Amino acid sequence: MPTAASIDLSNITDFVVNGGHGVKGLSEMGLQKLPKQYIQPMEERITKSTVILDDQIPVIDMSNWNIDNKLVGEKVCNAAEKWGFFQIINHDISLEVLESVKEATYRFFKQPAEEKNKHSKENSSTNNVRYGTSFTPKAEKALEWKDYLSLFYISDEDAAALWPSALRDEALDFLRNSEVVIKKLLEALMKGLNVKEIDQTKESLLMGSKRINVNYYPKCPNPELTVGVGRHSDVSTLTILLQDNIGGLYVKKLDSDTWVHVPPIHGALVINIGDALQIMSNGRYKSIEHRVMTNGNNNRISVPIFVNPKPSDVIGPLAEVLESGEEPIYKQVLYSDYVKHFFRKAHDGKDTVDFAKIN
């Protein structure tokens, strides 16, 4: 294993990005201080003065869905409007499925760098499988302390052929098992927008494509100087996040400059509204900035599922939302253009959604 003395710290990018070692490789060298390439400007760091301790995002019990889906649905819509984030418990995805995908995430990242690097942008045989580090290293002034594998779902056959065997089955299992709860959540959210029924066209628009990521945040020297993920909102319709028990996810409170920690709840899933649904709801549902703080003592993993429109879909405020005469805030945009705009720059809070605003 390389040591801090054996690599040129001035050219960390080559070791971390091109060599495929990621920040996991850096962390395992036992670095005593954070390399300068990862030091974030003061305004991007999470400080105690901007964190609220006496507030938290809603926790919604899905076990009551079959008894009173109207009440549960109202709680979901209310959380989507006021927070853009909530946790769900008793969602019927078994603990076994959740634990298996967490174990598989560790298994993938434990592999040698050369094995993981087969799936890098430069080496992968497909754009649908991507191993990387940080977010957009070429566009970032300071790098983020995270490695990831991103898997775009086309079909089971495609996944069987192309997804890494270390976690293929477990990732597919989590995707399949999440389908029922995703549909329940979207059904509730659509009712809140006056959409009576989700027909095939609407279903395709809301969840026409899916991506599952596995994220690895190794323990970090000087965690207060960097971030695991910078301020951003997701470009999805909905994001379903499985986090481990370490913590570190922070959500910006609506209409404020303060942040709230999302405490891990065993067996829970964190749900957040993405930009696509904010646009479709004409701003009623909020896609909220969030970020991840690193940890000085523990490695952390998370597994988000991004439920998206198809790349070829045109998104804009839904007709049902505008029926009452409400003026559209957003224009119609090709979803693939919106996503490209997001990925070509560094994380920058909520700036991406301005791309779709009517000026």
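Check the entry above for the structure.
Please read these numbers as outputs of a predicted model, since none were measured by experiment. (Residues numbered from 1 in each chain as written. Predicted model: local features only at pLDDT ≥ 70, side-chain atom pairs only at ≥ 80, totals over all residues. Heavy atoms only, no water.)

Asks: I'd like to hear about the packing of aromatic side chains, residue by residue, with values.
Replies: The geometry of an aromatic ring pair is captured by the separation of the ring centres together with the interplanar angle, meaning the angle of the planes. Evaluation of the coordinates by the stated rule reveals six aromatic pairs. On the numbers, 5.1 Å between centres and 80° between planes, the contact of Tyr-38 with Trp-145 is edge-to-face. With a gap of 107 residues between them, Tyr-38 in the loop between helix H2 (22-27) and strand S1 (51-52) and Trp-145 in the loop between strand S4 (129-133) and strand S5 (147-153) connect regions that are remote in the sequence. Across the pair, exposure class does not vary: Tyr-38 and Trp-145 are buried alike. With 5.2 Å between their ring centres and 35° between their planes, Phe-109 and Tyr-216 make a pair best called tilted. (Phe/Tyr/Trp six-rings, centres within 6.5 Å; stacked < 30°, edge-to-face > 60°. Helix = DSSP H or I, 4+ residues; strand = E, 2+ residues; numbered from the N terminus. Buried < 20%, exposed > 50% of the residue type's maximum accessible area, 1.4 Å probe, protein only.)

Asks: Could you give an account of the nonpolar core, naming the residues involved and the relevant values?
Replies: Counting 70 residues, the largest nonpolar core has Phe-174 and Leu-238 as the members making the most contacts within it. When residues of this core are assigned to their parent elements, the largest contribution, eleven residues, is made by helix H7 (residues 168-191). Excluding anything up to four places from it in sequence, Leu-238 contacts Leu-185, Leu-186, Leu-189, Ile-271, Asn-272, Ile-273, Gly-274, Leu-277, Ile-305, Phe-306 and Val-307. Judged by nonpolar contacts, the second largest core, of 13 residues, contains Leu-241, Leu-249, Val-270 and Val-292. (Core = buried A, V, L, I, M, F, W, Y, C linked by side-chain atoms within 4.5 Å. Contact = heavy atoms within 4.5 Å.)

Asks: Can you explain the environment of Asp-54? Please cite residues and give values.
Replies: Note that Asp-54 resides in the loop between S1 and strand S2 (59-61). In sequence terms Asp-54 and Val-260 are 206 residues apart; their C-alpha atoms lie 8.6 Å from each other.

Asks: How would you explain the pattern of salt bridges if you had to name every residue and give the values?
Replies: Under the criterion given, the structure shown has 18 salt bridges. For Arg-231, the salt bridge identified is with Glu-44, shortest N-O distance 2.9 Å. Of the two residues, Arg-231 sits in strand S7 (residues 229-232) while Glu-44 sits in the loop between H2 and S1, which places them 187 residues apart along the sequence. Owing to a relative accessible area of 22%, Arg-231 belongs among the partly exposed residues under this scheme. Salt-bridge contacts for Arg-176 lead to Asp-156; the nearest nitrogen and oxygen are separated by 3.3 Å. (Salt bridge = Lys/Arg side-chain N within 4 Å of Asp/Glu carboxyl O.)

Asks: Before we move on, can you summarise the pairing of strand S6 (residues 209-217) with the specific residues and values?
Replies: Of all nine residues that make up S6, eight are buried, and the element is covered over most of its length. Two strands pair when backbone bridges link them, and S5 and S6 are joined in this way by seven bridges, in the antiparallel orientation. Note on S6: the bridge partner recorded for Leu-151 is Ile-212. Alignment of S6 against strand S13 (residues 300-308), held across seven bridges, turns out to be antiparallel. Within the sheet, the bridge partner assigned to Asn-215 lies in S13 and is Ser-302. (Pairing = 2+ DSSP bridges.)

Asks: Summarise the pairing of S13; cite the residues concerned and give the values.
Replies: A regular strand places its side chains so that they alternate between the two faces of the sheet. Counting buried residues along S13, nine of its nine residues qualify, which places the element largely inside the surrounding structure. Burial along S13 is two-sided: Arg-300, Ser-302, Pro-304, Phe-306 and Asn-308 facing one way and Ile-301, Val-303, Ile-305 and Val-307 facing the other are all buried. Two strands pair when backbone bridges link them, and strand S8 (residues 238-243) and S13 are joined in this way by six bridges, in the antiparallel orientation. Its bridge partner lying in S13, Gln-243 is registered against Ser-302.

Interpretation note: all reported values are geometric properties and have no functional meaning in isolation.
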